[in-house]
Amino acid sequence: MTKAFEVVYLDPERITFERKGDTLSLTLQTDVASPDAPDGVLEGTDNIIHYPRVALRACFPVSDSTEFLSVRDATDEAIPELGIIEDWSQLQPASRDAVAAELGLHYFVPKIIQVFSIKEELGFLYWVAETDKGRKEFVMRNSVIHYAREVAPGHWLLIDVNEARYEIPDVAVLDAHSQKLVQQFLYL
Amino acid sequence: MRDSTQPVAIPAVVKPGFVAELPPSVTTTLQAEGVQPDALTLAVQSDLGPDGRFGEQWLLMDPHDLWVIERHNGTANLRHKFPLDKIEDAKVERCVGNGLMQVMVDQQPHVLLHYSNELTDRFGRVAHYLHARAEYGEDVPVPDPAADSHTCLVCGRSLVDTSSKVCPNCIQRGKLFRRLIELARPYWGKMGLIVILLVAGVLVDLLPPYLTRILIDDVLRVGGSAGGDPTLLPWLVGSLLGIQLIRVLLTIVTNWSTINVSTRFTSHIRDQLFAHLKKLSVDYFDKNQVGRLMTRINQDTEELQGLVSQLTTFTLNIFLVIGIGVVLFSMAPSLGLYVLIPTPFVVAAAYFYYRYMQPHFRRFWVARWRLNAMLNTFLSGVRVVKAFAQEDEEERRYHNRNVTLLNSRLQVDLAWSKFFPLISFAFSAGGLIIWYAGGRAVLADRITLGTLMAFLSYLGMFYGPLSNLTHISQALNRFLTISQRTFELLDETPEKQPVKPVRTACLGGRIEFDKVTFGYDPYYPVIRDVSFTVEPGEMIGIVGHSGAGKTTLVNLLCRFYEVTRGAIRIDGIDLRDLSMEEVRQQVGIVLQTPFLFHGTLAENIAYGRPDATRRAIIQAAKAANAHGFITQLPEGYDTIVGEGGAGLSGGERQRISIARAILHNPRILILDEATSSVDTDTERQIQEALNELVKGRTTIAIAHRLSTLYNANRIIVINRGKLEEQGPPKQLMDNKGSFYHLVQMQTQLASLDGVAAV
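Note that the coordinates shown come from a computational prediction; the quantities given were computed from them, not determined experimentally.

### Regarding the overall build of chain A
Argument step 1. Summing up its helical and strand segments, chain A has 3 helices and 12 strands in all.
Argument step 2. By the burial criterion, 29% of the 188 residues in chain A qualify as buried.
Argument step 3. Within chain A, counting contacts between residues at least 6 apart in sequence, those at least 24 apart form 35% of the total.

Have a look at this one:
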């Protein structure tokens, strides 16, 4: 019963992620639980568990996505947490690349690099912008109060009509034209 | 990095028969696989590439196989290929800003592709198809992935405002206007009157400058061959006074009539909306959030009223501009042309005002809203702020927002102080042109001084209405959009009633669920193949984890929703053949969160039977264990509750709702977690009331605390929408199945709490 309240941390050296197509799998080495051992764990014997598909959730996706990564069993409908990796940059290179690719797909939040135009029409803002994921046209409701959130000073999160998210990591580093547009329509 | 300067257009759905639209490289790849594109049954495009950027992937299907092909820089390559018969299941999952589609093949999960949120519906349909095909075989029809998505009903383009079914470009203005005029039929007379009043007002407005002209030319004429006629002076001044008085009177009557008509018209629409709203099914209310509906009914009609008044002003201004224009040109055609010179400036200034001033105002409003929100949070959380000693931090935050507000206010005033003098200059410059040109004409004796003076007066009346008319298209668009939304709500199909309802004198209360399958979204069933029967007078407990589908079963029984497959029968009659009133008269429900309407306690208890006698109300309250506390209240049964009314505790409110159910006297009673949100002592009191209520009725009780179900005849365990176990509680305990485990878990939790185990 108490187990549910404990955070399980995974040792980056004992886990391997592998990516086939868009499917991320995990191989986990754990100590074999044994009631005979003094601390309940029989040292030196590894138990290898393979999860054919795991899902990743960053605990701090906006502020820092390299730390505290929740690893979950995606084959179970309830996607239960298997454990947390505190710093996934310490994974072996192949695993690290697999994790980076998976996170890149799961968190599809394009960062706006340049704003070409913003147009207001009948309560909607029509954006045309260059993002780090490619050029994109999107539409958001013209209610800055509800659909534009300042997550940190100068760092904005925009939510479009499809609940897709776009980030402006720092308004101040945008070019002058983009800044002017953003300021005019987000009322900064 | 790949070249990505091309914007990603909204991806296409290629319908079978139109496969020529597939990119040639994809077709080539398919042909390499030995498949001819015209054999495809489905071709759907995703807008994300495998590299997590905007890109292009195709999901293709023929009657035997499924492929995923990626296209990148004009070349296509095959990513996945699966025989359809080997796909055991398929589903979509929500990620952040996108979604993914997974299939199970040989017990192994495979993620096929990701797609952006725009395409959620589309891929959901495909996944549902694959799931259904795996379950029911290849006869399941291939879906049209584009059906029922948020596209404009007329032009088929993606809809931005999903609260409307037609995009702004496609609103059929003429048709809409005809409908509006039809809707306004009761006000036709009054509207005609308003138009007459408007025309009269314009005519009256045109008179004073004309009289001024006579005054100057024929009365105040000094020198010259013939002097003026002084006797006309009192008459002319008197007439001017009379005209002013008539104008005042006309303005009052016009304004009053306009307000009267627009207010009554919108109130009429509101009534119609509400009357229609009550006929809609619960399903509709699920799909439309309370907030959005509130907006439709309150804000939209409010705005409609404002717009009706605004349209009246526009009409007046159109008459004025035409009237004055005609007078100006007929008085002095040459000067008339000069009037047109400042016109572009006036129009430009009005447009500039909208573009330039409006953002400043909005920025100010937003800043003010943010400051207010912050203050609101602080005031409602002041205890927390103090308990965590964060006063200084809060002060800093408030100060920052206050500075933003200050700056935006300064910007508004600065912009206004620049704008206003400039616009005044533009207006008076127009006048100066007339002074110069008109002055020369007077000196050359082409026109009289009076004509020039009248001309200048008319001019003053000309530019105001003209600048006002520059917003007309904006207001008109807004008006049409809101009208469209209003009509859409009025056009929503009401709850389905049976064509020929079966009448029964009295329902016995036998309930039968026959292989019931149901999903709020038909693509995601939450109840799967559930069958059970409840005999009259029996009490059944439904248990299961949260989200297992317990409440859904009850919603189906109340016919808030219709089953997707299978049937529910009461006394052998399909629920769909019974009239809605009949069903709901026979079914009583006590919910987890009791809902009290604004009104007295007596009215609340008698909600289902407004004609109940006081004796019956007290009897019901007594049986619900509520009489005791009600009579202790200063106003007793007359206590006003609901919004703005007296605060009752959760347990007290629950007992009121039980009294309501007792008075309603249904054959079938549903208790949906009726005691889960109250403390143990209150629970005991409510339980006592419930024991009274269930006597002699068919009862279905959903309970979180299993202890409350020990006197149930049978227990039904639901897990993930499927019936897992059923039988008398004792038997289930002996079987050591899921019910046993649920009880075990609660016992452990209870002992954790230090509470005696069930």
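### Quick word on the overall build of chain B
Argument step 1. A tally of regular secondary structure across chain B gives 22 helices and 20 strands.
Argument step 2. For chain B, buried positions account for 29% of its 758 residues.
Argument step 3. Of the contacts formed within chain B by residues at least 6 apart in sequence, a portion of 67% connects residues at least 24 apart.

### Examining the confidence of the model for chain A
Low pLDDT marks regions whose predicted coordinates should not be analysed in detail.
Argument step 1. Across chain A, the average pLDDT comes to 83, with 88% of residues at 70 or higher.
Argument step 2. Here strand 3 (residues 41–51) of chain A stands out as the least confident element of chain A, with mean pLDDT 69; strand 12 (residues 165–168) of chain A is the most confident, with 92.

### Structural notes on the interface of chain B and chain A
Argument step 1. With 38 residues of chain B in contact, the opposing surface of chain A contributes 32 residues.
Argument step 2. Broken down by secondary-structure element, the contributors of at least two residues to the side of chain B that touches chain A are strand 5 (75–83), strand 7 (98–105), strand 8 (108–116), helix 9 (343–380), helix 13 (472–491) and helix 22 (738–753) of chain B.
Argument step 3. For the side of chain B that touches chain A, the element with the highest residue contribution is strand 8 of chain B, accounting for 7 residues.
Argument step 4. In terms of residue class, the side of chain B that touches chain A is built from 17 nonpolar, 15 polar and 6 charged.

### A few points about the sheet that holds strand 6 (residues 81–87) of chain A
Hydrogen bonds between backbone atoms are what pair the strands of a sheet, whose relative direction is either parallel or antiparallel.
All names here are of chain A.
Argument step 1. Strand order in this open sheet of 3 strands is 4-5-6, and the pairing throughout is antiparallel. A strand with exactly one partner marks an edge of an open sheet, and here the two such strands are strand 4 (54–58) and strand 6. With strand direction ignored, the average angle separating the axes of adjacent strands in the sheet is 25°.
Argument step 2. Pairing analysis gives 5 bridges linking strand 5 (residues 67–73) to strand 6, with the strands arranged antiparallel. Counted as the bridge partner of Val71 is Gly83 from strand 6.

### Overview of the pairing of strand 5 of chain B
Residues and elements named next belong to chain B.
Argument step 1. Where strand 4 (residues 65–72) and strand 5 come together, 8 bridges link them in antiparallel fashion. Within strand 5, the position partnered with Arg71 by the bridge is Ala76.
Argument step 2. The loop that links strand 4 with its antiparallel partner strand 5 comprises 2 residues; one of these, Asn73, has a positive phi angle of about 50°.

### Quick notes on the nonpolar core
Residue and element names in this part refer to chain B.
Argument step 1. Judged by nonpolar contacts, the single largest core of 64 residues is most densely connected at Ile605, Ala620, Ala624, Ile658, Ala659, Ile662 and Ile670.
Argument step 2. Discounting chain neighbours no more than four positions away, the residues touching Ala659 are Ile605, Ala620, Ala621, Ala624 and Ala626.
Argument step 3. Val68, Ala90, Leu100 and Val126 belong to the second largest nonpolar core, which has 59 residues in total.

### What about the confidence of the model for chain B?
All names here are of chain B.
Argument step 1. Summarising the model, chain B shows a mean pLDDT of 81, and 88% of its residues fall at 70 or more.
Argument step 2. Under a pLDDT of 50 for its full length, residues 1–13 has, in the predicted model, 26 contacts with residues more than four places off or in other chains.
Argument step 3. This stretch, residues 15–20, has a pLDDT under 50; its non-local contacts, to residues over four places away or in other chains, come to 7 contacts.
Argument step 4. With a pTM of 0.63, the predicted complex shows an ipTM of 0.86.

### Quick word on the sheet that holds strand 10 (residues 527–534) of chain B
Argument step 1. Pairing is antiparallel in the open sheet, where 4 strands are placed in the order 10-9-12-13 (chain B). Two strands in the sheet have a free side with no partner beyond their single neighbour: strand 10 and strand 13 (573–574) of chain B.

### Points about the environment of Leu91 of chain A
Argument step 1. Mapped onto the secondary structure, Leu91 of chain A falls in the loop between strand 6 and helix 1 (93–106).
Argument step 2. Along the primary structure Leu91 of chain A and Ile15 of chain A are separated by 76 residues, whereas in three dimensions their C-alpha atoms are 7.9 Å apart.

### Looking at the environment of Trp58 of chain B
Residue and element names in this part refer to chain B.
Argument step 1. The residue Trp58 is located in strand 3 (residues 54–61) in this model.
Argument step 2. Residue Trp58 is classed as buried on the basis of its C-beta count, with 25 C-beta atoms lying within 10 Å.
Argument step 3. Spatially, the C-alpha atom of Trp58 lies 5.7 Å from that of Val44, the residues being 14 residues apart in sequence.
Argument step 4. Those residues within four positions of Trp58 in sequence are excluded, and the remaining contacts are Val26, Ala43, Gln45, Ile69 and Arg71.

### Some points on the packing of helix 4 (residues 188–219) of chain B against helix 5 (residues 232–277) of chain B
All names here are of chain B.
Argument step 1. Contact geometry for helix 4 and helix 5: axes closest at 9 Å, N-to-C directions at 160°. Here helix 4 lies roughly antiparallel to helix 5, going by the angle between them. The crossing of helix 4 and helix 5 is left-handed.
Argument step 2. In terms of residue class, the contact of helix 4 with helix 5 is built from 22 nonpolar, 6 polar and 4 charged.

### A look at unusual backbone geometry
Residues and elements named next belong to chain B.
Argument step 1. Even without being glycine, Asp529 reaches a positive phi, approximately 50°.
Argument step 2. If you trace the backbone, Asp529 turns up in strand 10.
Argument step 3. Judged by local crowding, Asp529 falls into the partly exposed class, with 15 C-beta atoms found within 10 Å.
Argument step 4. Even without glycine at this site, Arg559 takes up a positive phi of about 60°.
Argument step 5. Residue position: Arg559 is located in the loop between helix 14 (550–557) and strand 12 (565–570).

### Notes on helix 14 of chain B
Argument step 1. Taking burial as the measure, the 8 residues of helix 14 of chain B include 7 buried ones, the bulk of the element.
Argument step 2. Backbone geometry just after helix 14 of chain B places Arg559 of chain B at a positive phi near 60°.

### Some details on the environment of Thr266 of chain B
Residues and elements named next belong to chain B.
Argument step 1. As for its placement among the helices and strands, Thr266 is situated in helix 5.
Argument step 2. Distance in space between the C-alpha atoms of Thr266 and Leu304 is 7.0 Å, their sequence separation being 38 residues.
Argument step 3. If sequence neighbours within four positions are ignored, Thr266 has contacts with Thr301, Leu304 and Gln305.

Rules and cut-offs
- Every chain begins its residue count from 1, and numbering advances along the sequence as written.
- Chains and ligands are labelled sequentially in the order written, the chains with letters from A and the ligands with numbers from 1.
- Local features in a predicted model are, by the rule used here, given only for residues with pLDDT of at least 70; side-chain atom pairs are given and counted only at 80 or more, and totals for whole chains, interfaces and linings are based on all residues.
- The numbering of helices and of strands both runs from the N terminus, where a helix is a DSSP run of H or I of at least 4 residues and a strand a run of E of at least 2.
- The exposure scheme places C-beta atoms from the backbone and then counts, for each residue, the other C-beta atoms within 10 Å of its own, assigning buried at 20 or more, exposed at 12 or fewer, and partly exposed in between.
- By definition, residue pairs are in contact when their C-beta atoms, positioned from the backbone, come within 7 Å.
- pLDDT measures how confident the predictor is about each residue, on a scale from 0 to 100.
- The nonpolar class holds Ala, Val, Leu, Ile, Met, Phe, Trp, Tyr, Cys and Pro. Asp, Glu, Lys and Arg form the charged class, and all remaining residues, Gly among them, are polar.
- Two strands qualify as a pair provided DSSP detects at least 2 bridges between them.
- Interaxial angles span 0 to 180 degrees and are taken between N-to-C directions of axes, which are lines fitted to C-alpha atoms, for helices over the stretch in contact.
- Buried Ala, Val, Leu, Ile, Met, Phe, Trp, Tyr and Cys residues whose C-beta atoms connect them within 7 Å together make up a nonpolar core.
- Roughly parallel means an angle under 35 degrees; roughly antiparallel means over 145; roughly perpendicular covers 65 to 115; every other angle is labelled oblique.
- Each crossing is labelled by how the near helix is turned from the far one, with a counterclockwise turn of less than a right angle marking it left-handed and a clockwise turn marking it right-handed.

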